[in-house]
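For reference, the chains in residue letters:
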Amino acid sequence: MSQQSLSSPSNEVSSERYKRIFQKFASVEKNGEKFMTKDDFVNAIAPGEDYSKLQKAQYGILFSVADQSKSGVLSMSDFTVFENLLTRPDADYEIAFRLFDTAGSGKITREQFKQILSANIGKDAIPFDFECEWLKLYTGGKTAAHEMPYKEFTQLLKGLQAERLRQAFKYYDTQTSGYITPDEFKKIMVDIAGHKLSDHVLDNLPTLSNVYAGNKISFANVMAFYNVIREMDMVERVVRSAVTTSKDGTITKADFLHTAAKETRFSLFTPMEADIIFHFAGLENASGKLTLRDFFRLLESKWEHAAPVAAPAQQPEIKHGVMHDLLKGSYGFLLGSISGAVGATVVYPIDLVKTRMQNQRSKVVGELLYKNSIDCFRKVIKNEGALGLYRGLGPQLVGVAPEKAIKLTMNDFVRRNLTDKNGDITFTAELIAGGVAGGSQVVFTNPLEIVKIRLQVAGEAAKSLEAPRPGAIAIVRNLGIIGLYKGASACLLRDIPFSAIYFPVYAHLKKDLFHEGPDHRLAISELLIAGAVAGMPAAYFTTPADVIKTRLQVEAKKGQSSYNGIRDAARKIYAEEGFRAFFKGGPARIFRSSPQFGTTLMVYEVLQRAFPFDGPAASTLTHVAAPAEDLSYLQSKNALKILLDVHYKFGIVPSNVSIPGVARA
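Here the structure is a predicted model, which means the values were calculated and not measured. (Residues numbered from 1 in each chain as written. Predicted model: local features only at pLDDT ≥ 70, side-chain atom pairs only at ≥ 80, totals over all residues. Heavy atoms only, no water.)

Considering the nonpolar core
How we decide: To qualify as a nonpolar core, a set must consist of buried Ala, Val, Leu, Ile, Met, Phe, Trp, Tyr and Cys residues joined through side-chain atoms within 4.5 Å. Here the term buried applies to any residue with accessible area under 20% of the maximum for its type, exposed to any over 50%, and partly exposed to those in between, with areas from a 1.4 Å probe on protein chains only. We count a stretch as a helix when DSSP gives it H or I for four or more residues in a row; a strand needs E for two or more, and each element gets its number in order from the N terminus. Residues count as neighbours in contact if any of their non-hydrogen atoms are within 4.5 Å of one another.
Counting residues in each nonpolar core, the largest one holds 51 residues, and the members touching the most others are Phe41, Phe79, Ile95, Phe100, Phe113, Phe153 and Leu643. If one sorts the elements of this core by residue count, helix H4 (residues 56–66) sits on top with six residues. Not counting chain neighbours up to four residues away, the residues in contact with Phe100 comprise Ile108, Gln112, Phe113, Ile116, Leu117, Phe153, Leu643 and Phe650. Judged by nonpolar contacts, the second largest core, of 44 residues, contains Phe185, Ile188, Leu205 and Val238.

Now the structure itself:
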């Protein structure tokens, strides 16, 4: 290795990291020099490991590789050499070779292979036939044996699992029927691939017999399952590609096979293998349309990439200017305006009915125009025509743009600043974020709401007084600037608790009910349901404040009570009409707010997906690089993969077994 490469920045960073880890965990000191014991070493390479899937003794295998002098302790130099070994792309094969090469000759004999394998799979494992024809192809027969160098040995290890699978099936299929029982299938797979599979799959392995007719499992089923495990990286690649191009984030079996055919030069997955993939991924989703999250149930989550997946090209960080920020703000404003306008238009007739029901004074003679919301709906159409249901829509649409833009932006801004480094946010912080969002919108929405409300009740006033209906401009001139903010305190009383209820409920419905995450994009129906359901409690529990706001903003007619503020309005409404008056229009408010917010946020999400601000690349799913301190842990786990493929208990050596060159656990 050249002096230049030794002094490169990356090596300097790595050496400093190795030194910091060594100094932290080394517990033995001799003549002023620190050393690591086996326990120190395991704690250093597997910090925080719970040893549920991989036991401590199995990490101890790596100590035998690091301890080249067989002194029982590691120096700083030993630890650095081992950590450097882990960075090699073939580290898992190299470590396996060093363990089997007990003589340190650089070659492995048939007897060495037999000795190490027999000792590490244990007496309770399915026996392996070392006289099989498959092994003789690599090591030769008794009369013409040859030693295996490193690269030949790696090929043997790669094919060993399939040979063990064949021998295990034959061991259980005593009648040579071509079938084994579901329990026998589970025993085989736990031995061979128990370390790779999630608990979800391990617990449900016997259910493979339900995929096809009968209650037994064929050799074809076993090999298909094995091929799926072996090609799981390709399964993930195909699934991610298929999900990315899916409109609703779900894929069918046909989508998977179609994408696999496009992604690979030759046919990779058979129909039986696709059946198995979708069977185990869809155990909790019988619809046949699976999400990325469903497929994550297949593999044990501990197995991660030891390094981030390299991007096609490293893009330098770009510092955007003021114009970029203005354009991005305009982009969010535009999408919020469009989605808000769609939502408002869809439910506006319900909003008009709600307003007229809330403004109806039941104690004034001749004022009881409507019996209920349905009666109100019918009379509006009868007296004012179908267009009467949309009276006041213009100001409402104008108000939706700043309202939605400010509400969504402020909620996101406050949530982002109250979220900790781990991405968690307390429920109190969620309430605060929603409340701030609701309060900030009032400065724009109150003037527009008072104009909208007066336009909505103008139709009934014109009908009873036979007077011309006033337009929006005439109402603004009549109210003046100060008048436009009449009822603002009541508007705050309604909007702050509404948003404080709505946004946390919406966030938790997406997260807890539909399991939204970086790798799971919600379907349009899920977004619609989350938005609609969240709007129900928010709308109903803030109806009293909405009734008071409406009464304060509507111009009182002759003979009707006038109100001087929130308290006066609340007192008079209760005295004249009773407690139930505070919930007038409550059902109509739910029927309006629930679908409106569901539609608005659904359209907003769909627009963001269809027209991402930074282009299609902005929404591409990527692997996140592991922190530097976690690299040793990831690399150490991955270094054990080949040995665990040999047997999932490899390294858990019984106390009465001694293996040359390998420390006892």
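On we go from here.
Digging into the environment of Leu257
Residue position: Leu257 is located in helix H14 (residues 253–263). Given the relative accessible area of 29%, Leu257 is considered partly exposed. In the structure, Leu257 is positioned 17 residues away from Ala274 in sequence and 7.3 Å away in space, judged by C-alpha atoms. Non-local contacts of Leu257, meaning those with residues more than four positions away in its chain, are made with Phe269, Thr270 and Ala274.

Observations regarding a nonpolar patch on the surface
Applicable threshold: Here, patches come from residues exposed beyond 30% relative accessible area and free of salt bridges, joined within 9 Å for like charges and within 5 Å for nonpolar side chains (Val, Leu, Ile, Met, Phe, Trp, Tyr). Computed with a 1.4 Å probe, the accessible areas rest on the Shrake-Rupley method; for each residue, only the protein chains presented here act as cover. The salt bridge definition used is simple: a Lys or Arg side-chain nitrogen within 4 Å of an Asp or Glu carboxyl oxygen.
On the surface, Leu334, Ile338, Val342 and Val346 cluster together to form a nonpolar patch covering roughly 310 Å² of accessible area. Turning to its location among the elements, Val342 is positioned in helix H17 (residues 322–359).

Describing the UniProt feature "domain: EF-hand" (unreviewed entry) in the protein chain
So the rule is basically this: UniProt positions are given in the numbering used here, feature names are shortened, and annotations may be inferred rather than shown by experiment.
Sequence positions flagged by UniProt for "domain: EF-hand" (unreviewed entry) are, in local numbering, residues 88–123 and 160–195. Within the segment residues 88–123, helix and strand shares are 61% and 6% respectively, and the terminal C-alpha atoms sit 33 Å apart. Within residues 160–195, the helical portion is 69% and the strand portion 6%, while the C-alpha atoms at the span's ends are 16 Å from each other.

Overview of the pattern of salt bridges
Applying the stated criterion across every chain, the model contains 22 salt bridges. When the shortest N-O distance is used, the salt bridge between Glu94 and Arg88 registers 3.6 Å. Taking relative accessible area as the criterion, Glu94 reaches 11% and is therefore assigned buried. Residue Arg88 is classed as partly exposed on the basis of its relative accessible area, which comes to 36%. Among the salt bridges present, the one from Lys136 reaches Glu133, with a minimum N-O distance of 3.7 Å. With Lys136 and Glu133 both in helix H8 (residues 133–139) and three residues apart, the pair spans about one turn of that helix. In this structure Lys136 comes out as partly exposed when scored by relative accessible area, which is 30%. Because the salt bridges share partners, they merge into one network encompassing Arg88, Asp90, Glu94 and Arg98.

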